[in-house]
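Listed here are the chains, written in short residue letters.
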Amino acid sequence: MPDIHHFVNGQSLTGSSGRYGDIFNPNTGVVAGRVQLASAAEMDAAVQAAAAAQGSWAQVNPQRRARVMFAFLRLVQARMGELAELLSSQHGKVIADSKGDIQRGLEVIEFACGVPHALKGEYTEGAGPGIDVYSMRQPLGVVAGITPFNFPAMIPMWMFGVAIAVGNSFILKPSEKDPSVPVRLAELFMEAGAEVGLDVKGVLNVVHGDKIAVDAILDHPLIRAVSFVGSSDIAQYVYSRGTSNGKRVQAMGGAKNHGIILPDADMDQVVKDLSGAAFGSAGERCMALPVAVPVGKKTADELRERMVAEIETLKVGISTDTAAQYGPVVSKAHRDKIADYIQLGVDEGAELVVDGRGFSLQGYEQGFFIGPTLFDHVKTGMKTYHEEIFGPVLQLVRAESFEEALNLASEHQYGNGVAIFTQSGRAARDFAARVEVGMVGINVPIPVPVAYHTFGGWKRSAFGDTNQHGMEGVKFWTKLKTVTARWPDTALEGHADSSFVIPTMK
């Protein structure tokens, strides 16, 4: 049974803490390996290695750093199949979905390849007599990312792609549930540096761990910034502890994304979109669409009938089954938690239309599978509506009007994503302008922005002021310096006699 080691200063590093976490194959429910869990001292050693590497890496000109990112992009693309199989074996998502996980991360790497342009500052000639003003963006130093289990390739690349390209060194603390792909990415980054002729040891480091490792990151004085994705309670903790230690922190939390279906929507497309967005990846996405809000009784009744029929066509299978729409959830504990939420929904009075708790796959009875589940007549006062379930559970919340539907999404504690399905441009435009949610889809069920835009929610879905990737990412991982320059010729101008007066540009 293999052990997954840390990756520090360009090489595999066997931990010394003596603590391990089990890694399961969600398809079989069998322990497939162990991951080492770092102590605070081991985290400090990784930070010291990153600090030693950062200065020389920052001195590499942006164009050469971009060449490393181009090489990394090619290497990951060439190993897409291998990486997807490894990802699926520990996460449980089907191979096609794992390839999508990797590809969406690579799109941020593609953006990072343009770092020479992204780092260009501003310049004003002649801001005053003989005075020029210009700005530059400089790296922060050692920075860190703490990433969740549900996207073990995409979210790490969202973070370290931009952070490294702008000149920082990086500490990645991935989820201990599926840690192998992040290590493989770090190994490929080393290969990318070698391909370009640069020594990148210590630039990208992977340290596995639990809360001890997280707290070590949040408390370490050399770590200047932290990016986090996970549950909202932990996001708030990370943000509070990190900022209290003087760090720049962006902490992305949970979600309860709503899909608003107006009476004029193309119902054929809505059913397909809702099915994929609610049940794809077993619902383990912060941009899943677990709440459908049909407007009007006729719309709601039709949607319910057609979703039941659509669910009957879905195939749940093992990760390598090319015909399966989704696979198991990541762990037995998470499967049991989803089942508990389903029972809670029944106890709260929602109508359980389709119950996925009894699902079992022949030959894989110990796997962490749960079938698609559908609730109707869910009310806003229910705990199952208020909280994130993070599983293949779709809840129908009926609304009588457009305004009621808009308010449902706006008043929820989470504000990550939302979608509206309609053929009315006026209704869509009004909705997009007024809804209190960070990312909006118009006839797009999962509105994750492209890499050169930015990702971020509102309310309890995000803590901090800066979004991930795109130019917001460049801003988060750099500090801005502004220079005011004057080169006086005293022979011509004499000496200024107004040094005690605040400077003004006359």
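Below is a summary of the structure that appears in this document.

Calculation criteria
- Residues numbered from 1 in each chain as written.
- Predicted model: local features only at pLDDT ≥ 70, side-chain atom pairs only at ≥ 80, totals over all residues.
- Heavy atoms only, no water.
- Helix = DSSP H or I, 4+ residues; strand = E, 2+ residues; numbered from the N terminus.
- Rg over C-alpha atoms; globule rule 2.2 N^0.38 Å.
- Buried < 20%, exposed > 50% of the residue type's maximum accessible area, 1.4 Å probe, protein only.
- Contact = heavy atoms within 4.5 Å.
- Lys, Arg positive; Asp, Glu negative; His and termini not counted.
- Charge placed at Lys NZ, Arg CZ, Asp CG, Glu CD.
- Phe/Tyr/Trp six-rings, centres within 6.5 Å; stacked < 30°, edge-to-face > 60°.
- Lys NZ or Arg CZ within 6 Å of the ring centre and 35° of its normal.
- Salt bridge = Lys/Arg side-chain N within 4 Å of Asp/Glu carboxyl O.

Once that is clear, we can look at the overall build of the protein chain. Scanning the protein chain for helices and strands turns up 17 helices and 23 strands. At 25 Å, the protein chain has a C-alpha radius of gyration in line with the 23 Å of a compact globule built from 506 residues. Along the longest, intermediate and shortest principal axes, the C-alpha atoms of the protein chain span 90 × 60 × 40 Å. Burial analysis of the protein chain (506 residues in total) assigns 55% to the buried set. For the protein chain, long-range pairs separated by at least 24 residues make up 73% of all intrachain contacts whose partners lie at least 6 apart in sequence. Averaging the coordinates of the 46 positive side-chain charges in the protein chain and doing the same for the 55 negative ones gives two points 4 Å apart.

Enumeration according to the criterion identifies 13 aromatic pairs in this entry. Here Tyr123 and Tyr134 contribute two aromatic rings whose centre-to-centre distance is 6.0 Å and whose plane-to-plane angle is 15°, an arrangement assigned as stacked. One end of the pair, Tyr123, is in strand S6 (residues 123–128); the other, Tyr134, is in strand S7 (residues 131–139), and 11 residues separate them in sequence. Of the residues examined, Tyr123 reaches a relative accessible area of 53% and is grouped as exposed. The exposure class assigned to Tyr134 is partly exposed, which follows from its relative accessible area of 30%. Measuring from centroid to centroid gives 6.3 Å for Phe160 and Phe170, while their planes differ by 65°, and the two rings are edge-to-face. Taken as a pair, Phe160 in helix H6 (residues 154–165) and Phe170 in strand S9 (residues 169–173) lie far apart in primary sequence, 10 residues in all. Through a chain of ring-to-ring contacts, the aromatic side chains of Trp57, Phe72, Phe160, Phe170, Phe189, Phe476 and Trp477 assemble into a single cluster. Geometry around Tyr20 places Arg34 over its ring, the cationic atom sitting 3.6 Å from the centre.

Moving on, we come to the pattern of salt bridges. Across all of its chains, the model carries 30 salt bridges by this definition. Its salt-bridge partner being Lys93, residue Asp101 comes within 3.0 Å of it at the nearest N-O pair. What makes Asp101 buried here is its relative accessible area of 1%. Of the residues examined, Lys93 reaches a relative accessible area of 2% and is grouped as buried. Notably, a salt bridge pairs Lys211 with Asp215, separated by 2.6 Å at the nearest N-O pair. Of this pair, Lys211 and Asp215 both sit in helix H8 (residues 211–219), 4 residues apart, roughly one helical turn. What makes Lys211 partly exposed here is its relative accessible area of 48%. Look at the salt bridges and you will find they share partners, linking Lys297, Asp301, Arg304, Glu351, Asp376 and Arg398 into a network.

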